[in-house]
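Here is how the chains run, residue by residue.
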Amino acid sequence: MGKCFICSKIDPYVSSELGLCSNCIRERPQEVLKISERVHQISRRKYGLPDAPPRTEGGVVCNGCPNRCKMGEGERGYCGLRKNSGGNILPDPRLGKLSFYHDPLPTNCVADWVCPGGTGRGYPVYAYKKGPETGYKNLAIFFHTCSFNCLFCQNWSFKEDMRYGKPFSPEELLYLVDESTSCVCFFGGDPGSQMPFAIEFSKLAIKHRRGRLLRICFETNGFMEEELLDSAFELSIESGGCVKFDLKAWNEDLHRALTGQSNRVTLRNFARLTKKIELRPEPPPLVASTLLVAGYVDEREVEGIARFIADLNPDIPYALLAFYPHFYMADLPLTKRDTALRCQEVALKAGLKNVRIGNVHLLR
Ligand SMILES: [Zn+2]
């Protein structure tokens, strides 16, 4: 239960940490964004992260992600990983700060209802089995950095993990791609700020598997450098994997209030990839999802996103995900079943052909 600083509404669907209702965010962005920026600062300082991408005069520019941090000597980038050390950006971008684990297939993946590992789509070229790929496993690579600062982050523990342990080289982790690993998924945090590692690891892993199946997938906020995104998508297309874009909100002010960043780069990147779907339309190489953050991401957001996707390509699968209250939005309720169903209806009406509700067990 929170209170909106602008309209004084007290409601279970207002996050107490954010202190802003979704109506005020949409209608009074100038007042609202000053407040939300402060909340983002507080949530970042707690983990030693800079308030905003640094723009230090005479600093070294990191080209790792579209934040393009310009860091003075000793200063850290927005991701919290890269640092200017004597004029060099360290750690080396080809190293990955991450954790990893294997998950037996079929696993709880955003694309599991359309991907080869979950359904057998693409068999026999891209899948070992005609149905769910039981007996095989996914290698999950969880990056400890993110280029956004979502107050509802569902995986926020990476902010703790990033303080401990050393980065890995791609070669060091190749042993993880064993006989029964049939897909790799890069997520986090977000892969967007550690793409050189992800791309190099993928290339080496495909070589290492010597012609056996190994699908390469990315789950991302889509905030990436174009060239790196293109390389990632090519790897997914060639290997039978997919790139999963999490489109967090349609209204740019709402997106800023919730994630600390604009959605423009993400939307532009998503549109960019749709042009390459025809290179391998089946199984679907590009999948979209939206987390239904209770009280904030509702039918209005889903309608805008669904229209945008449908105009580009109505065959793109779209998953609406039930939200679990976490991080700075831990006091919000779960997503209502009714809301999820209305969002699905709106997305279908907007012209999309394949819309599913994910994490159904979290609906109330
Ligand atoms: Zn309000």
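Residues numbered from 1 in each chain as written. Predicted model: local features only at pLDDT ≥ 70, side-chain atom pairs only at ≥ 80, totals over all residues. Heavy atoms only, no water.

Q: I'm lost on the pairing of strand β13 (residues 318-322) in this one. Help?
A: Among the 5 residues that make up β13, 5 are buried, leaving the element largely enclosed by the rest of the structure. Both strand β12 (residues 286-292) and β13 contribute to a ladder of 5 bridges, which runs parallel. For Ser289, the partnering residue across the bridge sits in β13 and is Ala319. For the crossover that starts at β12, traverses helix α9 (residues 299-312) and ends in the parallel β13, the hand is right-handed. (Buried < 20%, exposed > 50% of the residue type's maximum accessible area, 1.4 Å probe, protein only. Helix = DSSP H or I, 4+ residues; strand = E, 2+ residues; numbered from the N terminus. Pairing = 2+ DSSP bridges. Right-handed = clockwise from strand over helix to strand, strands pointing away.)

Q: Which parts of the structure should I look at to understand helix α5 (residues 195-208)?
A: Note: α-helices contain 3.6 residues per turn, so residues at a spacing of three or four share the same orientation. Along its 14 residues, α5 runs 20 Å from first to last C-alpha, staying within 8% of the 20 Å computed at 1.5 Å per residue. Those residues of α5 that are buried are in contact with β7 (98-104), β8 (137-143), β9 (181-188), β10 (215-220) and α6 (226-239). One or two residues past the end of α5 sits Arg210, with phi positive at roughly 45°. (Expected span 1.5 Å × (residues − 1). Contact = heavy atoms within 4.5 Å.)

Q: Just to check I follow, could you spell out the domain arrangement of the chain for this structure?
A: It is common to give the size of an interface as the accessible area that goes away when the parts come together. You can read the domains of the chain as domain 1 (51-90) and domain 2 (98-362). Contact residues are listed per partner, giving 11 residues for domain 1 and 15 residues for domain 2. Carbon and sulfur atoms make up 56% of the surface buried where domain 1 meets domain 2, a total of about 1000 Å² over both sides. Contact with domain 2 buries surface across domain 1, with Pro66, Tyr78 and Cys79 losing the most and accounting together for 46% of the total. Inspection of the region where domain 1 meets domain 2 yields 1 salt bridge. Glu225 is the partner of Arg68 in a salt bridge, and the nearest nitrogen-oxygen pair spans 2.8 Å. Viewed at the interface, domain 2 and domain 1 are joined by 3 residue pairs in polar contact (both at pLDDT 80 or more). Of the residues that constitute the side of domain 1 that touches domain 2, the class distribution is 5 nonpolar, 4 polar and 2 charged. (Domains from an automatic or database assignment. Buried area = accessible area lost by both parts, 1.4 Å probe. Salt bridge = Lys/Arg side-chain N within 4 Å of Asp/Glu carboxyl O. Polar contact = N/O pair within 3.5 Å; in protein donor to acceptor, adjacent residues only side chain to side chain. Nonpolar A, V, L, I, M, F, W, Y, C, P; charged D, E, K, R; others polar.)

Q: Would you explain the coordination of the zinc ion in this entry?
A: Where a metal carries four tetrahedral donors, each ideal angle is 109.5 degrees; where it carries six octahedral donors, the ideal angles are 90 or 180 degrees. Protein-derived ligands of the zinc ion are Cys4 (SG), Cys7 (SG), Cys21 (SG) and Cys24 (SG), with the metal-ligand distances lying across 2.3 Å. Angles of 102 to 116° at the metal separate the 4 donor atoms of the zinc ion, which places the site in the tetrahedral class. Written as a sequence motif, the donor residues of the zinc ion are C-x2-C-x13-C-x2-C. Pair noted here: Cys4 is in the loop between β1 (2-3) and β2 (10-11) and Cys21 is in the loop between β2 and α1 (22-27), with a separation of 17 residues, a long-range link. Accessibility expressed as a relative area gives 1% for Cys4, which makes it buried. Residue classification places Cys21 among the buried positions, given a relative accessible area of 3%. (Donors = N, O, S within 2.8 Å, 3.2 Å for Na, K, Ca; no water. Tetrahedral: all angles 85-135°; square planar, octahedral: opposite > 155°, others 65-115°.)

Q: Any chance you could explain the side chain of Arg280 here in plain terms?
A: Of note, Arg280 is situated in the loop between α8 (264-274) and β12. Buried charge without a salt bridge: Arg280, with Glu282 as the nearest opposite-charge side chain at an N-O distance of 7.8 Å. Beyond its immediate stretch of four places on either side in the chain, Arg280 contacts Tyr126, Ser236, Ile237, Gly240, Gly241 and Pro285. (Lys, Arg positive; Asp, Glu negative; His and termini not counted.)

Q: What is the right way to look at the pairing of β9 in this model?
A: Side-chain positions along a regular strand alternate between the two faces of the sheet. For β9, the buried fraction is high: 8 of the 8 residues fall into the buried class. Of the pairings in the sheet, the one linking β8 to β9 comprises 7 bridges and is parallel in character. Directly across from Asn138, in β9, lies its bridge partner Cys183. Two strands pair when backbone bridges link them, and β9 and β10 are joined in this way by 4 bridges, in the parallel orientation. When the bridges of β10 are listed, Phe186 appears paired with Phe218. What joins β9 to β10 is α5, and the crossover it makes is right-handed.

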